[in-house]
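Understanding the architecture of this molecule
Each chain, letter by letter, is given below.
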Amino acid sequence: MRKLIILLIACTVAIPLFSQDSFYIKVHFLYGSKPKRAFKATEPKWFGGKLGGHVGIESNSNRILNFVPKGTFHVFSNNKNRHSGYAEHTGHAFYGILGGNPDSVKKTIVLVPVSLQQKRMFDSIATCYLANTPYDYAFFGMRCGAATYEVLAQLGILKKYTNRKTYRKIFYPKKLRKRLLKKAKQEGWTVIKQQGSCKRKWERD
């Protein structure tokens, strides 16, 4: 009986300690696409077409942090007049951000295990970035792919670069997705995929 009591106490202590180090973040990828010829009249055109898409990071349930343009779209970055912002969207809003039905888009979700410290760091970054965007949104500058890479690099998940080098390397979301899927395969991370509507031509990995 005494041994059983000791075992129960040990398990009670061990479970919280284990759960504190069992967090993960989800990196959501919406694939770029364009309407198939037969559906051009009914399917919307998306920004960037097959080289577009979108990406964001979910930490808390159904709240996806993502980088978006605000105001006039800048070709070149202008940090003195930033037309950008970070936003939080539900999964439904995130996957519908380019138009169309969120339930029929092509998507990939990568589940990245993180420590409690990394989880807290992400929450702190999200709070700061939602209050004050750190960079402009521009064609030749930071956009959603590069911005998501920058956050993941701060968490130590990917190699850190300067912002200029980051947006040169991660010019659109597919560049980040390929790196993250490769790392997921190496590390054994969970990857969730959904095929998109047959009415559209979707980009491939």
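See the structure printed just above.
Below: a short report on this structure. (Residues numbered from 1 in each chain as written. Predicted model: local features only at pLDDT ≥ 70, side-chain atom pairs only at ≥ 80, totals over all residues. Heavy atoms only, no water.)

Turning our attention to unusual backbone geometry. The backbone of Asn62 shows a phi angle near 60°, a positive value even though the residue is not glycine. Topologically, Asn62 is positioned in the loop between β3 (54-58) and β4 (64-69). (Helix = DSSP H or I, 4+ residues; strand = E, 2+ residues; numbered from the N terminus.)

For the rest of this paragraph, the subject is the sheet that holds strand β9 (residues 191-194). What the six strands build is an open sheet, ordered β6-β4-β3-β1-β7-β9; its pairing is antiparallel. One side of each edge strand has no neighbouring strand; the edge strands of this open sheet are β6 (84-89) and β9. On average, adjacent strands in this sheet sit at an angle of 25° to one another, irrespective of strand direction. Bridge count for strand β1 (residues 23-30) against strand β7 (residues 107-114) is eight bridges, and the pairing is antiparallel. When the sheet's bridge partners are listed, Lys26 is paired in β7 with Leu111. Helix α4 (residues 144-154) contacts β1, β3, β4 and β6 of the sheet and is inclined by roughly 25° relative to β3. (Pairing = 2+ DSSP bridges. Axes fitted to C-alpha atoms, helices over the stretch in contact; angles between N-to-C directions. Contact = heavy atoms within 4.5 Å.)

This part covers the pattern of salt bridges. On inspection of all chains with the given rule, the structure shows six salt bridges. Where Lys119 meets Asp123, a salt bridge forms, and the shortest distance between an N and an O atom there is 2.7 Å. Placement of both Lys119 and Asp123 in helix α3 (residues 116-131) is noted, with a separation of four residues, approximately one turn of the helix. On the accessibility criterion, Lys119 (13% relative accessible area) is buried. Asp123 gets classed as partly exposed once you look at its relative accessible area, which sits at 25%. With a closest N to O distance of 3.0 Å, Asp205 and Lys193 form a salt bridge. Of this pair, Asp205 sits in the segment after β10 (200-202) while Lys193 sits in strand β9, placing them 12 residues apart in sequence. For Lys193, a relative accessible area of 47% gives the class partly exposed. One continuous salt-bridge network, built from bridges that share partners, spans Arg177, Lys193, Glu203 and Asp205. (Salt bridge = Lys/Arg side-chain N within 4 Å of Asp/Glu carboxyl O. Buried < 20%, exposed > 50% of the residue type's maximum accessible area, 1.4 Å probe, protein only.)

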